[in-house]
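# Coordinates in review
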Amino acid sequence: MSRKQEIINSAIRANIIDENLIAIGVMDLNGLEKTVNDAYAAFPQNFFHTFAVKANALVNVLKPLREYGMGAEVASPGELMIARAAGFSTKDIIFDSPAKTMVDLHTCIKHNISLNIDNLQELERIDHLIKEFPKTQSVIGFRVNPQIGSGQIASTSTATATSKFGFALTDGNNRQQLINIYKERPWLNSIHTHTGSQGCELELMAGGVKVITDLAEEINALVGHQQVVRLDIGGGLPVNFASDEVTPSFQEYADILKATVPLIFTDKYQVKTEFGRAIVAKNGVIITRVEYTKNSGDRHIAITHAGAQILTRTVFLPKSWPLRVTGYLPTGEERTANNTELVATDVAGPCCFAGDLICVNQALPKLVANDYVMVHDTGGYYFSNHFDYNSLPRIGVYSVYGKDDALQIECIRQADTIEDVLNKM
Ligand SMILES: *Cc1c(COP(=O)(O)O)cnc(C)c1O
């Protein structure tokens, strides 16, 4: 039996999606563990993998990720709180944000939380804080924009000439200025770049890593010892949303990195990664129920409870973030072309605007009311990030662990029923 079939069966057995609870997110912890193991297996000992908390900021997802050996990359006080609640020690947390306040910076340096400086104004603030906390254990680096170009999705391309992130390395004499900055500050021990994520070619990402590695080598040669000890190679790996296949794999990325920057595969530098989507996306699904169906203008329309409120990116930017769906009978049997007629279908969500569609005009086995719809690859940036939690709190989140009929399903975030909502008033 496929894993997805096991998951839907156990959700039905546990009676989780009923009249009140109409969409759930499910995280597969066995899958998550395997993915983290794959990441560690692809790279040598000098690599430390942190998880970009924004990709799935749920304590009960972060806890297992910590147990599987990851650190945490956070970008706000809220994410920091969640990472601490999940048990990450401050030394395994890095704070990256282009908008850190003075209070954020003070707290990080005081508590030995590592951080990357985004710009020259932030550097000035850190200069003051280092005088106040000269013994801080924070590993401090500069975020560099290698300005090497864009991937296919503008909003996830961080290394364009005009990106809002980091210090623009190729503008004017910025490179020399940055080298001088390091030379004057022996506490600058790391260099960070984040070269993109979804839609970016691996070669583009590896090119960004090469730029900062060369820079680190130049700085170290100039100061005469290894001042820069850590390379922070941010940027997530793209995820394949078109099928269950994991491509690119961590191994493919490692192979390209090794060919482009062999030095980081020696133990000269500590190398820190920041994967988000590639760790969680394929280990999570959303399951929702078909409430009604209708036919409009020759289109079969299935109205479900998963729309813009939990599939935000896909609904607003369907071309950049297409998702696959699979239908199941109320018994859990998968609808396929063998047991059900194919019809041109829109799968819609519950929100009150016409664009609230999970997929448009797809030839799908005909869905009927009370069927289940699984939305694949939604373990990152979807059910953990829905924008409307307060006004539509009926989405529960579960984790599964184990195998076959013994698959354990556990609630990791409770959902309120409409009755609960009224009773809270
Ligand atoms: C979002 C983010 C990541 C992770 O990106 P994914 O595409 O989810 O893998 C890594 N590093 C930083 C600094 C980020 O902001």
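This is a predicted model, so every value here is computed, not measured.

## Details of the sheet that holds strand E11 (residues 284-289)
Adjacent strands of a sheet form backbone hydrogen bonds with each other and so pair up, either parallel or antiparallel. Taken in spatial order, the 6 strands line up as E14-E17-E11-E1-E18-E19 in an open sheet, and their pairing is mixed. The open sheet has two free edges, formed respectively by strand E14 (325-328) and strand E19 (408-413), since each of these has just one partner strand. Neighbouring strand axes in the sheet, compared pairwise and without regard to direction, differ in orientation by 25° on average. Sheet analysis places strand E18 (residues 395-401) next to E19, joined by 5 bridges and oriented antiparallel. Bridge pairing in E19 places Tyr401 opposite Gln408.

## Some thoughts on the site of the ligand
Taken together, 14 residues lie around the ligand, and Lys54, Ser197, Glu274, Arg277 and Tyr381 are the ones closest in. Between the ligand and His194, the relevant distance is 3.1 Å, taken from a nitrogen atom to a side-chain nitrogen or oxygen of the residue. The contact in question runs from a nitrogen atom of the ligand to an N or O atom on the side chain of Glu274, over 2.6 Å. Bound to the protein, the ligand loses 91% of the 380 Å² it would expose on its own.

## What to know about the nonpolar core
Side chains that are nonpolar tend, in soluble globular proteins, to be buried together. Counting 105 residues, the largest nonpolar core has Phe43, Leu65, Ile191, Tyr253, Leu257, Ile279 and Leu311 as its most contacted members. For this core, the element with the most residues is helix H8 (residues 202-223), which contributes 9 residues. Taken domain by domain, this core gets at least three of its residues from each of domain 1 (3-26 + 282-424) and domain 2 (30-279). If we ignore the near neighbours within four places in the chain, the residues touching Leu257 are Phe43, Ala206, Val209, Ile233, Pro262, Ile264 and Phe265.

## As for the packing of helix H5 (residues 102-110) against helix H6 (residues 120-132)
As a packed pair, H5 and H6 sit with axes 10 Å apart at the nearest point and diverge in direction by 40°. When the interaxial angle is binned, H5 and H6 end up oblique. Judged by the sense of rotation from one axis to the other, the crossing of H5 with H6 is right-handed. On H6, the residues that touch Met102, Leu105, His106 and Ile109 of H5 are Glu122, Arg125, Ile126, Leu129 and Glu132. Residues of the contact of H5 with H6, tallied by class, amount to 5 nonpolar, 1 polar and 3 charged.

The rules we used
Residues numbered from 1 in each chain as written. Predicted model: local features only at pLDDT ≥ 70, side-chain atom pairs only at ≥ 80, totals over all residues. Heavy atoms only, no water. Pairing = 2+ DSSP bridges. Helix = DSSP H or I, 4+ residues; strand = E, 2+ residues; numbered from the N terminus. Axes fitted to C-alpha atoms, helices over the stretch in contact; angles between N-to-C directions. Near = heavy atom within 4 Å. Polar contact = N/O pair within 3.5 Å; in protein donor to acceptor, adjacent residues only side chain to side chain. Areas by Shrake-Rupley, 256 points an atom, 1.4 Å probe, with all protein chains shown as cover. Core = buried A, V, L, I, M, F, W, Y, C linked by side-chain atoms within 4.5 Å. Buried < 20%, exposed > 50% of the residue type's maximum accessible area, 1.4 Å probe, protein only. Domains from an automatic or database assignment. Contact = heavy atoms within 4.5 Å. Parallel < 35°, antiparallel > 145°, perpendicular 65-115°, else oblique. Left-handed = near helix turned anticlockwise from the far one by under 90°. Nonpolar A, V, L, I, M, F, W, Y, C, P; charged D, E, K, R; others polar.

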